[in-house]
Number of protein chains: 2
Amino acid sequence: MDGEQTDFIWGVVDIIADTDFPDIRYGSAIHSESGSCLIIPREGEKVRFYIQLSDSDVKDPITGRVDKNRMSPEKLLEVARKIIHPYKVHEPKLYDWWTVYIIGQRVASRYSVNERIFIAGDACHTHSPKAGQGMNASMSDTHNLAWKLVQVLRGRADISLLKTYELERRKYAQDLIEFDRKISTLFSGKPKTADNDDGVSHEEFLKSVLRKSSELPWLTVNSAFQIYGGFITGIGVHYVSSGITNEIHQQCAPHLIIGERMPPQVFIRAADARPYEIQDMLPSDTRFKLLFFVGYVTEERVGELDALFDKLRDPSCFLQKYGYPTEGIAQSMFSIITIMSGDKENVEFTQVPELFRPHWSNVLLDDTDTTKKIGGGACTRFGIDPMTVTLVIIRPDGYVGMIAPASALEDVDSYFATFAIPRKAVLGRD
Amino acid sequence: MDGEQTDFIWGVVDIIADTDFPDIRYGSAIHSESGSCLIIPREGEKVRFYIQLSDSDVKDPITGRVDKNRMSPEKLLEVARKIIHPYKVHEPKLYDWWTVYIIGQRVASRYSVNERIFIAGDACHTHSPKAGQGMNASMSDTHNLAWKLVQVLRGRADISLLKTYELERRKYAQDLIEFDRKISTLFSGKPKTADNDDGVSHEEFLKSVLRKSSELPWLTVNSAFQIYGGFITGIGVHYVSSGITNEIHQQCAPHLIIGERMPPQVFIRAADARPYEIQDMLPSDTRFKLLFFVGYVTEERVGELDALFDKLRDPSCFLQKYGYPTEGIAQSMFSIITIMSGDKENVEFTQVPELFRPHWSNVLLDDTDTTKKIGGGACTRFGIDPMTVTLVIIRPDGYVGMIAPASALEDVDSYFATFAIPRKAVLGRD
């Protein structure tokens, strides 16, 4: 493991808080002369306090190691009380859980041996456990690996696909630790005062806490979660360019970032105008999702779609070449979702050629629902031109793998050719 | 039973429809020269067709009674096909279910004998079964009766409270049948043409189908459900003035109608800015919900609230007089929900006196959530003045029972005095 033990010692205590602190049900970051603490409201009435400790609080002066016996939940809460003064926290009836830990920030130098042995989760990275990132990062590691393993084991993808696991996840662990280090340093700094010119000003602290807000514009209140911004939600994770992350046509949708997760977006179903979150239509079922943004379905567009339909039926096209059908428990390779532009009162899902509507529920509309409050605005948000046809390829793990205009179908062929094995070679037939 | 057998004969058939009719996943009302039909999309792929039939289709010419043997699902679908021509419905693989019925529209003359024996549901009213109104009306009957029975059996309310069951529910059954009759007549009318000047014009039909839309403004697409407008959702039900439906202060909230159900409305919780639907905070738990709309909590308002707090603590006040506590499985009589006006960034739930916040989750804010898309606008919508304190009393069945300004607390005392028994008389103590 590459990395180091930090100097940051934290205590954690869960209680049912009887307090006059009015923001007790918000995630709150508090930075005072007595130190820093994070308040995270939990399920039911419980509240978690993360409290930064000093060496003298918990370290054995001889061994230099953290000695939990030097701490107690009562002592932890006493530190928290000083930090949130003048608000009060009364003595709780019960200390639900508590601990003390020192943060080690390390990353394994390799995640795999010959693409045959893999490590994931705590085996390859350790960092601050705050906000569940230990668990979330570990699950995301295996989520990234699982679909790749499946495709290789089914004989549908080359073993080299597995190299992207370390490429993508090791970089992520490094980014997370780097971010964790910056925030921890900031938290450990005492406020800037007349006596302490080296301190962290409240403005700097606040700016740092809030700086991730552009990634999560809807989190305008809950600033404690903004600290971890994109990291906590996974939306900020960005995988680098590779065979499965092809950025050549990023300009077709400049705000739908290739290498990042497809962000939450509500569309309505063209057939019944009910709102659906696109995330719910992108299950981790090992399929690549082909999102055809077909724009306004004018007569000219229908002509284009008919021509595209013909190309997609050609045996040399990726859709046929790698179009493995469902076989037993093995899912088919692709699923098609078509997204029309227009007004729900006028658009009919039957306007697109049949290939683009394998089922009525797969045709969506970039419009608001009947309340006019939910959905719509996706093309504008992503920068997709509704006067043309754009294909967005979502990887089986929900990340945007490639974007292409309908006129560059051969680039999509090349994308799949880097890792997929033609089904003719496997099934012995087209 | 008072009422009559109608001449309206309907067929119903459920199939998985293979059709080019583009609105097959919308509730649709179709009015053509070949007759009328209703299409209701069901769970999964199923679709229900309601088809109006003529006497010759199904009546035995000798007995004059409906003879199901004269019909078949194939024949029903054939009638539907003529109505939706030029769209096609292919022969389904399976007819899931079908029936033929003639509508009887009758209401029992009494719903109760001496408030000791009650009838509900099909025992006291029969009408068109469309859109589940038979089941819904029956459940609403007993829902109306249950909390009244409970309060009387617990000794907290006078037996005369039970008289309001027939008063409220018999009137509702009559209204539903009247509405059903109008719509059925309209459906049975053939379109107005050059040859048939007595027919129903498409404009009249459409107007009627849509006329309930002001009650359900969010249903702008799904017109088949608008037919039944307020009846299908229960929101249009209006109970007449009585001891438990007191309209004297309606002007305090002119658009929150006393005698109707509290409509859906999203507020945010003042303590954590999360959106909550008010319906989810009004469970049918036999409690009266006291919604204190306290407006903007200025210094002046805090003074008013402190004064109100004092009045509410007075032993002669309804809150004390009828304030039964929770006893075993018997719920307490009241629950308090406080609704503040203002901006979530500035308001603190601790600003209201303690009586108005028995728990942090009971204090709401009339503001949007952090997405700025959900919640807010309730005072404007209901016509409640946010510069004063208004009490809205929601009955245990979710209906608005009374509205009162804070200055007319004695009218609220009178409201409860008409049916509630002081707890001193029951518990032998205050």
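Anything mentioned here points back to the structure above.
Please read all numbers here as calculations on a predicted model, not as lab measurements.

1. Describing the pairing of strand β11 (residues 288-296) of chain B
All names here are of chain B. When you tally the buried positions in β11, you get eight out of nine residues, the bulk of the element. Direction of pairing for β11 relative to strand β14 (residues 390-394): antiparallel, over a ladder of five bridges. Following the sheet pairing, Lys 289 is matched in β14 by Ile 394.

2. Digging into the sheet that holds strand β10 (residues 275-277) of chain B
To summarise the sheet geometry, strands pair through backbone hydrogen bonds and adopt either a parallel or an antiparallel arrangement. All names here are of chain B. A sheet is described by the order of its strands in space; here seven strands give the open sequence β10-β9-β13-β12-β11-β14-β15, paired in mixed fashion. The open sheet has two edge strands, β10 and β15 (400-405), and neither has a second partner. Here the average twist between neighbouring strands, direction ignored, is 30 degrees.

3. Structural notes on the packing of aromatic side chains
Residues and elements named next belong to chain A. Taken as a whole and judged by the stated rule, the model has 32 aromatic pairs over all chains. Where Phe 318 meets Phe 416, the ring centres are 5.3 Å apart and the plane angle is 10 degrees; that geometry is what we call stacked. Remark: Phe 416 occurs in helix α11 (residues 409-417) and Phe 318 occurs in helix α9 (residues 318-321); sequence separation between them is 98 residues. Each member of the pair, Phe 318 as well as Phe 416, carries the same accessibility label: buried.

4. Side note on the sheet that holds strand β11 (residues 288-296) of chain A
Residues and elements named next belong to chain A. Taking strand neighbours across the sheet as the criterion, the seven strands line up as β10-β9-β13-β12-β11-β14-β15 in an open arrangement whose pairing is mixed. What marks the edges here is a single partner per strand, and that holds for β10 (275-277) and β15 (400-405). Between one strand axis and the next, the sheet turns by 30 degrees as a mean value, whatever way the strands run. Contacts from α11 reach β11, β12 (334-341), β14 (390-394) and β15 within the one sheet, and its direction differs from that of β15 by about 155 degrees.

5. With respect to the interface of chain A and chain B
Taken residue by residue, the interface counts 22 residues in chain A and 22 residues in chain B. Here chain A meets chain B over a buried area of about 2,100 Å², counting both sides, of which 53% is carbon and sulfur. Joining chain A to chain B, the criterion identifies zero salt bridges. Partitioned by chemical class, the residues of the side of chain A that touches chain B number nine nonpolar, six polar and seven charged.

6. Considering the pattern of salt bridges
With the rule as written, the count across this model stands at 44 salt bridges over all chains. The partner of Lys 344 of chain A in a salt bridge is Asp 367 of chain A, with the nearest N and O atoms 3.5 Å apart. Taken together, the residues span a long stretch of sequence, with Lys 344 of chain A in the loop between β12 and β13 (363-365) and Asp 367 of chain A in the loop between β13 and α10 (378-382) at a distance of 23 residues. Asp 367 of chain A carries the same exposure label as Lys 344 of chain A, and that label is buried. For Glu 168 of chain B, the salt bridge identified is with Lys 148 of chain B, shortest N-O distance 2.9 Å. Highlighted residues: Glu 168 of chain B in helix α4 (residues 163-188) and Lys 148 of chain B in helix α3 (residues 133-153), separated in sequence by 20 residues. Linked by salt bridges that have partners in common, Asp 14, Arg 42, Glu 43, Lys 46, Arg 48 and Asp 96 of chain A make up one network.

7. Focus: the relation of the copies chain A and chain B
Once chain A has been moved 0.0 Å along the axis and rotated by 180 degrees, it coincides with chain B to within an RMSD of 0.0 Å. The operation mapping one copy onto its partner corresponds to a two-fold rotation axis. Within chain A, Lys 373 of chain A has its C-alpha nearest the rotation axis, a separation of 3.4 Å. Most of the interface of chain A is mirrored in chain B, where 100% of its interface residues again form contacts.

Conventions used here
- Residues numbered from 1 in each chain as written.
- Chains lettered and ligands numbered in written order.
- Predicted model: local features only at pLDDT ≥ 70, side-chain atom pairs only at ≥ 80, totals over all residues.
- Heavy atoms only, no water.
- Buried < 20%, exposed > 50% of the residue type's maximum accessible area, 1.4 Å probe, protein only.
- Helix = DSSP H or I, 4+ residues; strand = E, 2+ residues; numbered from the N terminus.
- Pairing = 2+ DSSP bridges.
- Axes fitted to C-alpha atoms, helices over the stretch in contact; angles between N-to-C directions.
- Phe/Tyr/Trp six-rings, centres within 6.5 Å; stacked < 30°, edge-to-face > 60°.
- Contact = heavy atoms within 4.5 Å.
- Buried area = accessible area lost by both parts, 1.4 Å probe.
- Salt bridge = Lys/Arg side-chain N within 4 Å of Asp/Glu carboxyl O.
- Nonpolar A, V, L, I, M, F, W, Y, C, P; charged D, E, K, R; others polar.
- Least-squares fit on C-alpha atoms with pLDDT ≥ 70 in both.

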